[in-house]
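A closer look at the structure
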Amino acid sequence: MANPQVRDRRTPPPPAAGGLDGFFQITARGSTVARELRGGLATFFTMAYIVVLNPLIIGTQTDSTGKFLGGGAAPNLAMVAATTALVAGVMTILMGVVANFPLALATGLGLNAFVTFGIAKLPEMTWADAMGLVVIEGLIITILVLTGFRQAVFHAVPPQLKTAISVGIGLFIAVIGFVDAGFVRKSFGGPLGELGVGGFLVGWPLLVFVLGLFITVVLLVRKVRGAILYGILSATVLAIIVESIGKIGAQKNDKGELVNPTGWGLNVPKLPSSVASTPDFGLLGDFNLLGSFKAIGVISAVLLVFTLLLADFFDTMGTMVAIGAEAGLNDAEGVPPNSERILIVDSVAAMAGGAAAVSSNTSYIESASGVGEGARTGLASVVTGVLFLLATFLAPLVAVVPYEAATPALVVVGFLMMQQVREIDWDDLEIAIPAFLTIVLMPFTYSITVGIGAGFVVYVLIKLAKGKIAEIHPLMWVTAALFVLYFAIDPVKSLLGVG
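Residues numbered from 1 in each chain as written. Predicted model: local features only at pLDDT ≥ 70, side-chain atom pairs only at ≥ 80, totals over all residues. Heavy atoms only, no water.

Membership of the largest hydrophobic core comes to 113 residues, with the highest contact counts inside it found for Ile169 and Met476. When residues of this core are assigned to their parent elements, the largest contribution, 14 residues, is made by helix H12 (residues 298–327). Beyond its immediate sequence surroundings of up to four residues, methionine 476 is in contact with Ala156, Val157, Pro158, Leu161, Phe456, Tyr459 and Val460. Listed in part, the seven residues of the second largest apolar core include Ala181, Phe183, Leu213 and Val412. (Core = buried A, V, L, I, M, F, W, Y, C linked by side-chain atoms within 4.5 Å. Buried < 20%, exposed > 50% of the residue type's maximum accessible area, 1.4 Å probe, protein only. Helix = DSSP H or I, 4+ residues; strand = E, 2+ residues; numbered from the N terminus. Contact = heavy atoms within 4.5 Å.)

Checked against the element boundaries, threonine 116 lands in helix H5 (residues 111–119). Threonine 116 gets classed as buried once you look at its relative accessible area, which sits at 0%. A distance of 2.8 Å separates a polar side-chain atom of threonine 116 from the backbone oxygen of asparagine 112. Not counting chain neighbours up to four residues away, the residues in contact with threonine 116 comprise Ile57, Ile58, Gln61, Lys121 and Trp127. (Polar contact = N/O pair within 3.5 Å; in protein donor to acceptor, adjacent residues only side chain to side chain.)

This paragraph deals with helix H20 (residues 474–487). Over its 14 residues, H20 extends 20 Å from the first C-alpha to the last, a length consistent with the 20 Å expected when each residue adds 1.5 Å. Of all the positions in H20, only Leu475, Met476, Thr479, Ala480, Phe483 and Tyr486 are classed as buried. All buried residues of H20 fall inside an arc of 135° around its axis, so they share one side. (Expected span 1.5 Å × (residues − 1). Arc of directions from axis to C-beta.)

The subject of this paragraph is helix H17 (residues 403–418). With 16 residues, H17 should cover 22 Å at 1.5 Å per step; its first-to-last C-alpha distance of 22 Å lies within 8% of that length. The buried fraction of H17 is high, at 14 of 16 residues.

A cluster of nonpolar residues, Leu461, Leu464, Ile469, Trp477 and Val478, forms a patch on the protein surface that exposes about 420 Å² of accessible area. Those elements that place two or more of their residues in the nonpolar patch are helix H19 (448–465) and H20. Residue placement: tryptophan 477 occurs in helix H20. (Patch = residues over 30% accessible without salt bridge, like charges linked within 9 Å, V, L, I, M, F, W, Y side chains within 5 Å. Areas by Shrake-Rupley, 256 points an atom, 1.4 Å probe, with all protein chains shown as cover. Salt bridge = Lys/Arg side-chain N within 4 Å of Asp/Glu carboxyl O.)

Take the packing of helix H4 (residues 77–99) against helix H13 (residues 339–355) next. With their axes 9 Å apart at the nearest point, H4 and H13 run at an angle of 165° to one another. What the angle tells us is that H4 and H13 run roughly antiparallel. Relative to H13, H4 is oriented so that their crossing is right-handed. Of the residues in H13, those touching H4 at Val87, Met91, Leu94, Met95, Val98 and Ala99 are Arg341, Ile342, Val345, Asp346, Val348, Ala349, Ala352 and Gly353. Of the residues belonging to the contact of H4 with H13, the class tally is eleven nonpolar, one polar and two charged. (Axes fitted to C-alpha atoms, helices over the stretch in contact; angles between N-to-C directions. Parallel < 35°, antiparallel > 145°, perpendicular 65-115°, else oblique. Left-handed = near helix turned anticlockwise from the far one by under 90°. Nonpolar A, V, L, I, M, F, W, Y, C, P; charged D, E, K, R; others polar.)

All told, the structure shown has five salt bridges when counted by the stated rule. Here arginine 38 ties to glutamate 373 by a salt bridge, and the two come within 3.7 Å at their closest N and O atoms. Taken together, the positions of arginine 38 in helix H2 (residues 33–47) and glutamate 373 in the loop between helix H14 (367–372) and helix H15 (378–391) put the pair 335 residues apart, joining distant regions of the chain. We classify glutamate 373 as buried; its relative accessible area is 4%. Among the ionic pairs, glutamate 430 bridges to lysine 463, the shortest N-O distance being 2.8 Å. Of this pair, glutamate 430 sits in helix H18 (residues 429–445) while lysine 463 sits in helix H19, and the two are 33 residues apart along the sequence. Grouping residues by exposure puts glutamate 430 and lysine 463 together as buried. In the salt-bridge network here, residues are joined through shared partners; they are Glu430, Lys463, Lys466, Lys468 and Glu471.

Moving on, we come to the packing of aromatic side chains. Under the criterion given, the structure shown has eight aromatic pairs. When the centroid spacing of 4.9 Å and the interplanar angle of 85° are considered together, the rings of phenylalanine 23 and phenylalanine 24 count as edge-to-face. Taking relative accessible area as the criterion, phenylalanine 24 reaches 5% and is therefore assigned buried. Taken together, the aromatic side chains of Phe44, Phe45 and Phe388 make up a single cluster linked through ring pairs. (Phe/Tyr/Trp six-rings, centres within 6.5 Å; stacked < 30°, edge-to-face > 60°.)

Our focus in this paragraph is the side chain of asparagine 260. Within the element layout of this structure, asparagine 260 appears in the loop between helix H10 (227–246) and helix H11 (291–296). You can call asparagine 260 buried: its relative accessible area is 19%. If sequence neighbours within four positions are ignored, asparagine 260 has contacts with Ile248, Gly249, Ala250 and Gln251.

Right, let's get into the packing of H2 against H10. Two numbers describe how H2 lies on H10: the axes approach to 9 Å, and their chain directions differ by 45°. With respect to their mutual orientation, H2 and H10 come out oblique. The handedness of the crossing between H2 and H10 comes out as left-handed. Facing Arg38, Leu41, Ala42, Phe45 and Thr46 of H2, the residues of H10 in contact are Leu229, Ile232 and Leu233. A breakdown of the residues in the contact of H2 with H10 according to their chemical character gives six nonpolar, one polar and one charged.

We note that asparagine 100 has phi near 50°; this positive angle belongs to a residue other than glycine. Mapping asparagine 100 onto the fold places it in the loop between H4 and strand S1 (105–107). In this structure asparagine 100 comes out as buried when scored by relative accessible area, which is 7%. A positive phi angle, near 65°, is found at alanine 357, a position not held by glycine. Assignment of secondary structure puts alanine 357 in the loop between H13 and strand S4 (361–363).

Mapped onto the fold, phenylalanine 281 is located in the loop between H10 and H11. Overall, the relative accessible area of 29% leaves phenylalanine 281 in the partly exposed class. Those residues within four positions of phenylalanine 281 in sequence are excluded, and the remaining contacts are Ala82, Thr83, Leu86 and Thr392.

See the structure below:
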C-alpha cells in the first residue's frame, strides 16, 4: 500500500493559486473570500465610531489663537469627519495591498487628544503647527523602519513578553468595550469604576448592550460563522427600534455636557433623513512643518515629537503582534508575516494623518474583531478601507451604529485574545512579573504604551538584579532607557526649563 504522505510523481501538482486568492494567499492561510469579506465588515463596524468621535475631539476645540481646525471661527465637523474617513480608507487599503495583513488604520485615539490639548493649545501654536509636528514624527518613525531599527527592537523582545502584550491588549479592548457602552463608568470619590449608573444597570441603551453581548456569545459558542458581525447588526436593529419607541436621546448635548446619563453614548441610533452627503476634503495639506519650532522653541518641539514618537512606535508593535497571534499568523518568535511592510505602512499613515490635519493615523486593535470573524489576509483590510471611503459619502449611515451595538464585539474579542495567557510561564518570576505588569497596566492606565514600557523596564531591572546581564539584548537596554525618559518626561521638561 502506498504511503499517503508521498504524492505520486505521475500525478500533476495542484495548480498554483492565481488571481485574488493567489495575491492575498487566501487559501494558503486557511481562509476564504467570504470570511475575509465578513472580517472586513466586522472591523469597519467596530471602528467606524472614529469617523464621528475624531471630529468631536479635534474639531470642537480651538488652538491657542482661537481658531478651529481648518482656520474657521466655528467648528466644521463634517469636513473633519470626511477627511478622517478618507485617510483611514486609503491607509487601510494600503495595508491590505502592501502588507497583506488584516489590520486597519485610522486616527489614533489618545494621540488625537494629546495633539489637541497638549500641543495645539500651547501659547502661539496653531493647528497647522501641531499637525506639522505629527508629520515630523511620522517621517522619523519611517526612517527608523527603513534603517531596520524598529524591526530590530521588535525582534529583541522576549517571546513571552510579546504574548503578554497581546493578552494585555485583549484585556484593554474588553475594558474599552465595557466603558464605551456605559456598562462600567467612572466613580467619583469611590473605586476606579462602578457598574452602570450608581452601581445599577439603568437605561435602555445598556439593555441593548447586554442583549447584543448575549446574542454574540450565543452565536459564538454555537460556532455560527459571522457571530461577531451578526451581533453588531442585531444590536443595531434593536437600538433603532428602542430609540424610535422611547425617544431616549444622547447622553451629552452639543457642548459635550452630560445631560442624560441613561442616554446613548455616542450616536443616537435612528434611520437618517438622507443616505449620502457630499464630502469636504478642505483639510488636506493644512499643516506647517516647522511652525512649532518658531512658536515654542526647538527643545519644546523636540520633546513633543519624542512623546508622539514613543507612543506610536510601541503601540503599533503591540497591536500587530496581538492581531497576528489571534490570527495564528505569527512565527515561533511571535513575529507576524511581512512585519517590515506593516511597520512601513503604519509609519506612512502617521505622516498622512498629519498632512491631512486629522492627527496621526495608526493601527487599530479593533481589527481583532475581523480576525475573530476569520480574516487572515489583507483582503479584509481592503474591504474595511473601501467602506471607509464610502463613509466619506455615506456619513449619515455610519452614524446609525451606536456604541452600545458595536462594543459587545470588543468584549468578545477581548476574551478570545486573553486565551493566549496560558503561553506565559507563571512559575518563572523573571518573566511572569514583567508580563503581569504589561497585562494589567494597559487597561488600568488606558494606554498600550504604558503597559509595554513598564514590562520592558521591569524585565531589564529584574535581569540586572539577578546578575543575568548577558540575557538582556542590547536594544532592550536602549528601549528601557527611552521608556524611563518617557515616564519622566515632565521632570525632564522642568529640568530643561521648558513647558
